[in-house]
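Report on the structure
Residue strings, one per chain:
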Amino acid sequence: MLTYILNDINGRKSTMNYPLSVNFVSSEDAPADSMTVVFAVNESVYPFVSLIVENGGERIFSGLVDTQTEQRTSGGMLLTLTARSLECVLLDNEALPQTYCMPSMPLIFKRHLEPLGFKEYIGTDKAFNGEMIISKGMSEWAVLEMFCKRFLKTVPKIDCFGVIDISGRKNDEVVYISDSGKNRCISKKRILKRSCLISDIIARTCISGGYEMPLENYFAKKIGVHRRRYVNTIDSESRSVLDTKKILDKSVRNYEQIVLECNGCILCGTGATVILKDNGKKLRVNEIHYNLNSDGETTTLYTEVQN
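The structure contained in this document is the topic of the report that follows. These numbers come from a predicted model, not from an experiment.

Take the packing of aromatic side chains next. This model, assessed by the stated rule, comprises eight aromatic pairs. A ring pair is formed by Tyr211 and Tyr230, whose centres lie 5.6 Å apart and whose planes are at 85°; its orientation type is edge-to-face. Here Tyr211 is found in strand β16 (residues 211-216), whereas its partner Tyr230 is found in strand β17 (residues 228-232), with 19 residues between them in sequence.

And the structure:
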């Protein structure tokens, strides 16, 4: 059973176990996870600041409340809370424009993350050659993400205790899905998205040159997709020729999507491996939707086929 711990503006904690409905979404395309939960309450409550979700005492979600709604109905009062995970703190704060020479994570952490309440990170302390320019309007998340992508070739993550991970370590969780028992698959859908494919990228790689380096996606061309892009690797601080090649590879991975709707609550993160017991096929999770309502609870996993 999931336990929902709410903290209000006065520092008081309320623990609730039986929500009327829950909707949770985690996606690799969005830095912050989101959760909407509805409770039946007896009376009006103080404004809540944060929401923590535990499973058997183990914390699985921690976020800040974005909206709080109280609604009186003929059946009683409903309390609806919408929260985002701790990445929202960095997304919602603008960074001070400045230029770093030889940036490092200790420097980024001290100036951009520690003032917002973060106390720990996992990853290298190394300083890197080159400049890192923070432009007007960039969020603190964009600063962290730019540092990681440009110098570490990783994507930053923040766990439910507020620890920032820049190490790039992979999610080693494995989930087994079958046609019966626990994690039973209710429905399976295969989607082929031709619109995701890119057949050609022409890259600019020299300061004095134009767009002269062609990169081809033979799979896209084989199935009749012709979609060209131009990428400037010279004027981009976070994109190299190798990163450009990864754009083509990602378009191929996104072409085939397997959507699994399963009964119950499947506790895994994006990047986890799903193994289908009926055929042994391995899938990689890139989006998770958990829903609880009067019909029960289901988890929908949006996955890509692993090569």
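So that's the structure; there's more coming.
Another aspect to go through is the sheet that holds strand β15 (residues 200-204). Strand order in the open sheet formed by three strands is β16-β15-β17, and the pairing between neighbours is mixed. Two strands bound the open sheet, and with one partner strand each, they are β16 and β17. Neighbour-to-neighbour, the strand axes of this sheet turn through a mean angle of 25°, independent of strand direction. Of the strand pairs in this sheet, β15 and β16 are connected by five bridges, and their pairing is antiparallel. Bridge assignment links Arg204 to a residue of β16, and that residue is Tyr211. In the packing of helix α5 (residues 241-253) onto the sheet, the strands contacted are β15, β16 and β17, and the crossing angle to β16 comes to about 40°.

Here eight bridges tie strand β4 (residues 34-41) to strand β7 (residues 76-85), and the two strands are oriented antiparallel to one another. Bridging across to β7, Thr36 finds its partner in Thr82. Linking strand β6 (residues 58-73) to β7, which pair antiparallel, is a turn of two residues.

Glancing now at the side chain of Ser50. By secondary structure assignment, the location of Ser50 is in strand β5 (residues 48-55). You can call Ser50 buried: its relative accessible area is 15%. A polar contact of 3.2 Å, which involves the side chain of Ser50, links it to the side chain of Asn7. The residues contacting Ser50, other than those within four sequence positions of it, are Ile5, Leu6, Asn7, Gly63, Leu64 and Val65.

What follows is about the sheet that holds strand β9 (residues 121-122). Strands belonging to one sheet form pairs held by backbone hydrogen bonds; the direction of such a pair is parallel or antiparallel. Read across the sheet, three strands follow the order β9-β12-β11 without closing on themselves; strand pairing throughout is mixed. Edge strands, defined here as strands with exactly one partner in the open sheet, are β9 and β11 (157-158). Where β9 meets strand β12 (residues 164-165), two bridges bridge the pair, whose relative direction is parallel. Looking across to β12, one finds that Tyr121 is bridged to Ile164.

Time to look at the nonpolar core. Residues Met105, Leu113, Phe118, Met132, Leu144, Phe147 and Ile164 are the most contacted members of the largest nonpolar core, which totals 27 residues. Elements represented by at least two residues in this core include exactly α1 (87-91), α2 (105-113), β10 (131-134) and α3 (140-152). When residues in this core are grouped by element, the largest group, eight residues, is from α3. If we skip the residues at most four places from it in the chain, Ile164 touches Met105, Phe109, Leu113, Phe118, Glu120, Tyr121, Ile122, Leu144, Lys157 and Ile158. Counting 21 residues, the second-largest nonpolar core is a separate cluster that includes Phe39, Val65, Leu79 and Ala83.

Turning to α2, a few remarks are in order. Among the residues of α2, Met105, Ile108, Phe109, His112 and Leu113 are the ones counted as buried. Buried residues along α2 cover an arc of 105° about the axis, so they all sit on one side. Check the buried side of α2 and you find it contacts α1, β8 (98-101), β9, β10, α3 and β12.

This part is about the environment of Ser294. Assignment of secondary structure puts Ser294 in the loop between β20 (282-293) and β21 (296-305). Judged by relative accessible area, which is 74%, Ser294 ranks as exposed. Along the sequence, Ser294 and Thr233 sit 61 residues apart, while their C-alpha atoms lie 52 Å from each other.

Considering all chains together, one arrives at 13 salt bridges under this definition. When the shortest N-O distance is used, the salt bridge between Glu94 and Lys136 registers 2.7 Å. Of this pair, Glu94 sits in the loop between α1 and β8 while Lys136 sits in the loop between β10 and α3; the two residues are 42 residues apart in sequence, bridging distant segments of the chain. By relative accessible area, which is 44% here, Glu94 ends up partly exposed. Relative accessible area serves as the criterion here: at 67%, Lys136 is assigned to the exposed category. A salt bridge links Arg169 to Asp165; its shortest N-O distance comes to 2.7 Å. Taking the relative accessible area as the measure of exposure, Arg169 reaches 55% and is therefore exposed. For Asp165, a relative accessible area of 13% gives the class buried. Taken together, the shared-partner salt bridges connect Glu28, Arg253, Arg284 and Glu304 into one network.

About the thresholds
- Residues numbered from 1 in each chain as written.
- Predicted model: local features only at pLDDT ≥ 70, side-chain atom pairs only at ≥ 80, totals over all residues.
- Heavy atoms only, no water.
- Phe/Tyr/Trp six-rings, centres within 6.5 Å; stacked < 30°, edge-to-face > 60°.
- Helix = DSSP H or I, 4+ residues; strand = E, 2+ residues; numbered from the N terminus.
- Pairing = 2+ DSSP bridges.
- Axes fitted to C-alpha atoms, helices over the stretch in contact; angles between N-to-C directions.
- Contact = heavy atoms within 4.5 Å.
- Buried < 20%, exposed > 50% of the residue type's maximum accessible area, 1.4 Å probe, protein only.
- Polar contact = N/O pair within 3.5 Å; in protein donor to acceptor, adjacent residues only side chain to side chain.
- Core = buried A, V, L, I, M, F, W, Y, C linked by side-chain atoms within 4.5 Å.
- Arc of directions from axis to C-beta.
- Salt bridge = Lys/Arg side-chain N within 4 Å of Asp/Glu carboxyl O.

Honestly, that's just the spatial picture; any functional story needs more than this.
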